[in-house]
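These are the residues of each chain, in order.
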Amino acid sequence: MNIIKAENYKDMSQLAAQKLINQVNEKPDSVLGLATGSTPEGLYKEIIQAYKEGNVSFKDVTTFNLDEYVGLTKDNNQSYHYYMHHLLFDHIDINSGQANLPNGDASDLQEECSQYDNAIQQAGGVDIQILGIGLNGHIGFNEPGTPFSIQTHIVDLDESTRQANARFFDSIDNVPFQAITMGIDSIMQSKGIILLVSGSQKAEALAKLVNGPVTEDFPASILQEHANVTIIADQDALSELSE
Ligand code: F6R
C-alpha cells in the first residue's frame, strides 16, 4: 500500500483531486468509483474548481457510486443521489446518464444489485475507486462480518453506522435501516483504489487497516491484498501509525 501523508483535510482533498484529474486527462473515458460521506466533500469541491478553470472535462467519464440507502427516493435530500448531484454532478459536464448510483427505491432490490454489477462490468470495470472508511472498518456499507466474496448486495446497517450518519438527518429515527452497497469483491475488482482518511477519530481504524490482520471482522483490512491501493491521509489520521 502506498501511503501519502497530507498536511490537513484540504491538502488531502487536493492531492486526491489531482490524481483523479490526471486519470481523466490521460484516459478521458475513465470509469470512476465514487463515495459519499463527509470525507470526499473537499475532493468534489476541488474537482469542480478544476473543471471551472478548464483543467479537466468529464464528458466521457462514467461513474459508479458505492452505495445508496434503501427506501429513499432520488430526490430525497438525504439520498446519496441527491448528495452526488448537489455536491458534484450538477457542477461538472458529466453526462447524467453515465453517473450511476444503485437505486435504493427499486421495486426489486435483488435485481437492482445484479444489474449494478453487470453495468460496472459492461463499462469495463472501475479504473479508480475512491473510498472512505467507517470507524468500524466498513468500506462502502460492508459492515464487519460481511464475506469478502460478496458483490453488490443489500445490507442491514450497523447501529454504530446509523448513529454516525444521524448527523445528516433530522433525527436518528429517520436514518434508514438498510442500504445497497457494492460488495467487497466488487470493490476489490477496481484497477486502482484511493482511500481518503482524515481526522484523529479515524486514526485507530487506519492503523488497524494497515497493520492489523486481514479479517472479515474489519472489512477494510482486505485492502492489504489489493495490488494498487493509495491511502491519502492527513496527519491527524496518521497519528497512530509509526513512521
Ligand atoms: C460512503 C461510504 C462509507 C463512508 C464511510 C465514512 O459512500 O461508502 O463507507 O465512506 O462511512 O464516512 P465519512 O466520510 O462521513 O466519515
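Bear in mind the structure is a predicted one, so any value in this text is a computation, not a measurement.

### Concerning the site of the ligand
Moving on, step 1. Taken together, 14 residues lie around the ligand, and Thr 39, Asp 67, His 138, Gly 140 and Lys 202 are the ones closest in.
Moving on, step 2. Between Ser 38 and the ligand, the recorded distance is 2.8 Å, taken from a backbone N or O atom to an oxygen atom.
Moving on, step 3. In this structure, an oxygen atom belonging to the ligand sits 2.6 Å away from a side-chain N or O atom of Asp 67.
Moving on, step 4. Starting from 410 Å² of accessible surface for the ligand in isolation, the protein chains cover 93%.

### Describing the sheet that holds strand E8 (residues 178-181)
Whenever strands of a sheet pair, they do so through backbone hydrogen bonds, lying parallel or antiparallel.
Moving on, step 1. The antiparallel open sheet is built from three strands, whose spatial order is E4-E8-E7. A strand with exactly one partner marks an edge of an open sheet, and here the two such strands are strand E4 (67-69) and strand E7 (153-156). Strand-to-strand twist in this sheet, taken as the mean axis angle between neighbours without regard to direction, amounts to 25°.
Moving on, step 2. Along the sheet face, helix H4 (residues 109-122) touches E7 and E8 and points at about 125° away from the line of E7.

### Description of the sheet that holds strand E6 (residues 128-131)
Moving on, step 1. If you trace the seven strands from one edge of the open sheet to the other, you get E1-E10-E9-E6-E2-E3-E5, paired in parallel fashion. Strand pairing shows two members of the sheet lacking a second neighbour, strand E1 (2-6) and strand E5 (99-100), which therefore form its edges.
Moving on, step 2. Across four bridges, the pairing between strand E2 (residues 31-34) and strand E3 (residues 62-65) is parallel. The residue of E3 that forms the bridge with Leu 34 is Asn 65.

### A look at the pattern of salt bridges
Moving on, step 1. Summed over the entire model, instances satisfying the criterion amount to five salt bridges.
Moving on, step 2. Salt-bridge contacts for Glu 159 lead to Arg 162; the nearest nitrogen and oxygen are separated by 3.2 Å. Linking Glu 159 with Arg 162, this pair stays in helix H5 (residues 159-165), spanning three residues, or about one helical turn.
Moving on, step 3. By relative accessible area, which is 43% here, Glu 159 ends up partly exposed.
Moving on, step 4. Through salt bridges with shared partners, a single network forms among Lys 27, Asp 127 and Lys 191.

### A short note on the nonpolar core
Moving on, step 1. Counting residues in each nonpolar core, the largest one holds 73 residues, and the members touching the most others are Leu 206 and Leu 209.
Moving on, step 2. Tallying contributions element by element places helix H1 (residues 9-26) first for this core, with six residues.
Moving on, step 3. Once residues lying within four places of it in the same chain are set aside, the contact partners of Leu 209 are Met 1, Ile 133, Leu 195, Phe 218, Ala 220, Ser 221, Leu 223, Gln 224 and Ile 231.

### Description of the environment of Ile 130
Moving on, step 1. Mapped onto the elements of the fold, Ile 130 is located in strand E6.
Moving on, step 2. Not counting residues up to four positions away in its chain, the partners in contact with Ile 130 are Leu 20, Gly 33, Leu 34, Ala 35, Leu 43, Leu 66, Ile 194 and Leu 196.

### Some thoughts on the packing of H1 against helix H2 (residues 41-52)
Moving on, step 1. Two numbers describe how H1 lies on H2: the axes approach to 8 Å, and their chain directions differ by 55°. Comparing their axes, H2 and H1 come out oblique. The way H1 lies across H2 gives a crossing that is right-handed. Contacts between H1 and H2 involve Tyr 9, Lys 10, Ser 13, Gln 14, Ala 16, Ala 17, Leu 20 and Ile 21 from the first element and Glu 41, Gly 42, Leu 43, Glu 46, Ile 47 and Ala 50 from the second.

### Here we look at H2
Moving on, step 1. Its twelve residues give H2 an end-to-end C-alpha distance of 17 Å, which sits within 8% of 16 Å, the value for a rise of 1.5 Å per residue.
Moving on, step 2. Against the buried residues of H2 lie H1, E2, helix H3 (80-87), E6 and strand E9 (192-197).
Moving on, step 3. Gly 54 lies just past H2 and shows a positive phi near 80°.

### A few points about the pairing of E2
Two faces belong to every sheet, and in a regular strand the side chains alternate between them.
Moving on, step 1. The alternating pattern of E2 places Val 31 and Gly 33 on one face and Leu 32 and Leu 34 on the opposite face, and all of these are buried.
Moving on, step 2. Read as a crossover between parallel neighbours, the route from E2 over H2 to E3 is right-handed.
Moving on, step 3. As paired elements, E2 and E6 share two bridges and run parallel to each other. Pairing of Gly 33 across the sheet is with Gln 129, part of E6.

About the cut-offs
- Every chain is numbered independently, its residues counted from 1 as its sequence is written.
- The predicted nature of this model means local features are confined to residues of pLDDT at least 70 and side-chain atom pairs, given and counted, to a pLDDT of 80 or more, with totals for whole chains, interfaces and linings taken over all residues.
- Side-chain metrics rest on all non-hydrogen atoms present in the structure, leaving aside hydrogens and water.
- Any residue with a heavy atom positioned within 4 Å of a molecule or strand is treated as near that molecule or strand.
- Pairing of N or O atoms within 3.5 Å defines a polar contact, subject to two protein rules: one partner must be a possible hydrogen donor and the other a possible acceptor, and residues neighboring in sequence count only if both atoms are side-chain atoms.
- Per-residue and other accessible areas were derived by the Shrake-Rupley procedure at a 1.4 Å probe size, with only the shown protein chains allowed to occlude residues.
- Two strands make a pair as long as DSSP finds a minimum of two bridges between them.
- The way it works is that DSSP assigns letters per residue, a run of H or I at least four long becomes a helix, a run of E at least two long becomes a strand, and they are numbered from the N terminus.
- Only the stretch in contact is used when a helix axis is fitted, and all axes are lines through C-alpha atoms; the angle between N-to-C directions ranges over 0 to 180 degrees.
- The criterion used for residue contact is that any of the two residues' heavy atoms lie within 4.5 Å.
- Take a side-chain nitrogen of Lys or Arg and a carboxyl oxygen of Asp or Glu: if they are within 4 Å of each other, that pair is a salt bridge.
- The buried label applies to any residue whose accessible area, calculated with a 1.4 Å probe on protein chains only, is under 20% of its type's maximum; exposed applies above 50%, and partly exposed to all values in between.
- Only buried residues count toward a nonpolar core, which is a set of Ala, Val, Leu, Ile, Met, Phe, Trp, Tyr and Cys residues joined through side-chain atoms within 4.5 Å.
- Every angle not falling under 35 degrees, over 145, or within 65 to 115 is termed oblique; those three ranges are roughly parallel, roughly antiparallel and roughly perpendicular.
- If you view the pair so one helix is near and one far, a crossing is left-handed when the near helix is turned anticlockwise from the far one by less than a right angle, and right-handed when it is turned clockwise.
- Expected helix span is computed as 1.5 Å times (number of residues minus one).
- With the strands aimed away from the viewer, a crossover counts as right-handed if its path from the first strand over the helix to the second runs clockwise.

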